[in-house]
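Here is what each chain is made of, one letter per residue.
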Amino acid sequence: MNILLTGGLGYIGSHTAVTLTEAGHKVILLDNLSNSSLDVLERLQALTGKPFAFIEGDVRDTPLLSKMLADYRIDSVVHFAGLKAVGESLEKPVEYFSNNVQGAISLLQAMNDSGVYKLVFSSSATVYGEPEYLPLDEVHPTSATNPYGRTKLHIEEMLEDVSSSNSEWRIVCLRYFNPVGAHPSGLIGEDPSGIPNNLMPYIARVASGALPELNIFGDDYPTEDGTAIRDYIHVCDLAEGHGAAINYLDNQKGWHAINLGTGQGHSVFEMVRTFEKAIGQSLPHRVTARRAGDVAVCYAKTDKAYTELGWKAQRDLDEMCSSVWYFQNFQISKDKVA
Ligand code: NAD
Ligand code: UFG
């Protein structure tokens, strides 16, 4: 199958590109390089031993998308492209609505005009807002607590309306929990520019000595050790979930929302301890105030992914942490050579 990945050079897109290529698909990448680099393209080619078709461009460029869909005879699209930092979305909501919502509209227009109706969309557990019960299943009420989350919610709702308008559409919204980890080769992983916002990349920078210590945002949550709990999922498991979703769409019409998580919650302290075990040294950290907007506990009910997609996360927390450390060291040794 010919599959277009928008945002395909980003963190999750690049891992999915490897998985789909290894499964025998032809993967075509579109990215505007706003949060990635061409270096990733070279690494994807080194990793898979295959050349990738890559177009540098913006998902809001509808004529470009239409041309790509035709030129590469695209069968399915996985839409990763977008902005994803919650804090930044509060400062720049218009940019978020433009990139994410306008980007999705542009893609839908191009797909509709080209008669390409299979779409997997990168959604997020953020659409559940403050959990009313746990684990979070797909029928849990949805809401948004920040502009980033609102873009995901708007897009999901738009996709549901679009699928109702024409029975040809086959759309899966994958609601990711907390993607972490890196490819075992050490060639691709999460490498944010500037100071990371998310826990895992921050921990990795502290471990490498690039940052002095980890700030743990609150130890007064109503959890066993007082720190917040999340459902961390290895990015390679997540990538395989996309492969399963693409296969699912061969036989399923309409709109579907499916969680991709492990179903297990882990606290921040537990993450720190597991990372310390992976690197064989202690990680400097201190407890600070809670971060505004954080929920205490968030983890997925994963039954639907299993029954509908036949997919289940396989990799454990040790593997998540050790792969991040391996990737981090790969970056450091590469920088030393450069
Ligand atoms: P990422 O920033 O690493 O990847 C996104 C890619 O899209 C980048 O390469 C960027 O350059 C590109 N891009 C952004 N705007 C674009 C545009 N207008 N046109 C073309 N390319 C554009 O992020 P990621 O972690 O790989 O996330 C991928 C998707 O998954 C995003 O939609 C994100 O909201 C969603 N998601 C991520 C997480 C997470 O924790 N990483 C959690 C839930 C959902
Ligand atoms: N945390 C710290 N210190 C840090 C960073 C994070 O203690 O330096 C804590 C947070 O308070 C939270 C946990 O680590 O309790 C995880 O935080 P992340 O920022 O890594 O992830 P979030 O759960 O806040 O959010 C992530 C993505 C969102 C997505 C959400 C659900 O960033 O885009 O998962 O999928 F919506």
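Scroll up to find the structure this text is about.
Residues numbered from 1 in each chain as written. Chains lettered and ligands numbered in written order. Predicted model: local features only at pLDDT ≥ 70, side-chain atom pairs only at ≥ 80, totals over all residues. Heavy atoms only, no water.

> Quick question: what am I supposed to make of helix α6 (residues 147-165) here?
For an α-helix, 3.6 residues make a turn, and residues three or four places apart therefore share a direction. Across its 19 residues, α6 extends 27 Å between first and last C-alpha, which sits within 8% of the 27 Å expected from 1.5 Å per residue. Of the positions making up α6, those classed as buried are Pro147, Tyr148, Gly149, Thr151, Lys152, Leu153, Ile155, Glu156, Met158, Leu159, Val162 and Ser163. On its buried face, α6 sits against α4 (86-91), α5 (93-114), β5 (118-124), β6 (170-176) and β11 (254-260). By the N-cap criterion, in which a side-chain oxygen at the helix start approaches the backbone nitrogen of a residue two or three places on, α6 is capped by asparagine 146, the distance to tyrosine 148 being 3.2 Å. (Helix = DSSP H or I, 4+ residues; strand = E, 2+ residues; numbered from the N terminus. Expected span 1.5 Å × (residues − 1). Buried < 20%, exposed > 50% of the residue type's maximum accessible area, 1.4 Å probe, protein only. Contact = heavy atoms within 4.5 Å. Polar contact = N/O pair within 3.5 Å; in protein donor to acceptor, adjacent residues only side chain to side chain.)

> Mind showing me how you'd approach the packing of helix α1 (residues 11-22) against helix α2 (residues 38-48) here?
Axes are the key here: two packed helices are described by the angle between their axes and the distance separating the axes. At their nearest, the axes of α1 and α2 sit 10 Å apart, and the two run at 25° to each other. The pairing of α1 with α2 is recorded here as roughly parallel in orientation. α1 and α2 meet at a crossing whose hand is right-handed. Across from Ser14, Ala17, Val18 and Thr21 in α1, the residues of α2 making contact are Val40, Leu44, Leu47 and Thr48. (Axes fitted to C-alpha atoms, helices over the stretch in contact; angles between N-to-C directions. Parallel < 35°, antiparallel > 145°, perpendicular 65-115°, else oblique. Left-handed = near helix turned anticlockwise from the far one by under 90°.)

> What am I meant to see in the pairing of strand β1 (residues 2-6) here?
It is a general feature of regular strands that their side chains alternate between the two faces of the sheet. Most of β1 sits out of view: four of its five residues are buried. When β1 meets strand β2 (residues 26-31), the two strands line up parallel, connected through five bridges. In the strand pairing of β2, asparagine 2 is matched with lysine 26. Note: β1 against strand β4 (residues 76-79), four bridges, orientation parallel. Paired with leucine 4 across the strands is valine 77, a residue of β4. (Pairing = 2+ DSSP bridges.)

Functional significance is not addressed by these values, which are geometric in nature.
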